[in-house]
Amino acid sequence: MSSVVVLSPDQPVLHRGRRATFLHLSRGEAIIRYWGGSHAMSVPPESLSLPPTRRAARSSRPLAARDEPLAREVAARDAAALQQRLST
């Protein structure tokens, strides 16, 4: 079963693993421009894929629980405790 992707102008896409911008369709070919490139080129539309969403990219990294202190908060608390011990 194949999936249908609807592309719109200036949409980020991937072509063979490279980031590109979809420009438009012409005679059944997708016209794209690689990021950082200046020339447009035609490729088969089925060779394009959508880049991973930001949410998917973020979910692959482990996240701290909301009630778990961040490293900088722990460091600040420890520094304050040390400063207090040194001043007495």
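This text gives an overview of the structure that appears in the document. Quantities reported herein were computed from a predicted structural model and do not represent experimental measurements. Along each chain, residues carry numbers from 1 onward, in the same order as the chain's sequence is written. The predicted nature of this model means local features are confined to residues of pLDDT at least 70 and side-chain atom pairs, given and counted, to a pLDDT of 80 or more, with totals for whole chains, interfaces and linings taken over all residues. Excluded from the side-chain calculation are hydrogens and water; included are all heavy atoms of the structure.

The next thing to look at is the environment of Trp35. Where helices and strands are cited, they refer to DSSP runs of H or I of at least four residues and of E of at least two residues respectively, numbered from the N terminus. Of note, Trp35 is situated in the loop between strand S3 (29-34) and strand S4 (41-43). Look at Trp35 and you get partly exposed, because its relative accessible area is 42%. Linking Trp35 and Val13, residues 22 residues apart in sequence, is a C-alpha distance of 9.9 Å. We call two residues contacting when some pair of their heavy atoms lies within 4.5 Å. Excluding its chain neighbours within four sequence positions, the residues that come into contact with Trp35 are Pro12, Arg19, Ala20 and Thr21. Of note is the side chain of Trp35, whose polar atom sits 3.0 Å from the backbone oxygen of Ala20. For this analysis, a polar contact is any N or O atom pair within 3.5 Å, provided that within protein one partner can donate a hydrogen and the other can accept it, and provided that sequence-adjacent residues contribute only side-chain to side-chain pairs. Among the polar contacts listed, one links the side chain of Trp35 to the side chain of Thr21, at a separation of 3.1 Å. Throughout, exposure labels follow a simple rule: accessible area from a 1.4 Å probe, protein chains only, divided by the maximum for the residue type, with under 20% read as buried, over 50% as exposed, and the rest as partly exposed.

Residues other than glycine seldom take positive phi values, yet Asp10 does so here, at roughly 70°. Secondary-structure assignment places Asp10 in the segment before strand S1 (11-15).

Now for the nonpolar core. Most often, soluble globular proteins have nonpolar side chains that are buried together. Among buried residues, the Ala, Val, Leu, Ile, Met, Phe, Trp, Tyr and Cys ones that are joined through side-chain atoms within 4.5 Å form a nonpolar core. Counting residues in hydrophobic clusters, the biggest one holds eight residues: Val13, Ala20, Phe22, Ala30, Ile32, Tyr34, Val43 and Leu48. Looking at this core, the elements with two or more residues in it are strand S2 (18-26) and S3. The element contributing the most residues to this core is S3, with three residues. Among residues more than four places away in sequence, those in contact with Val43 are His15, Glu29, Ala30, Ile32 and Leu48.

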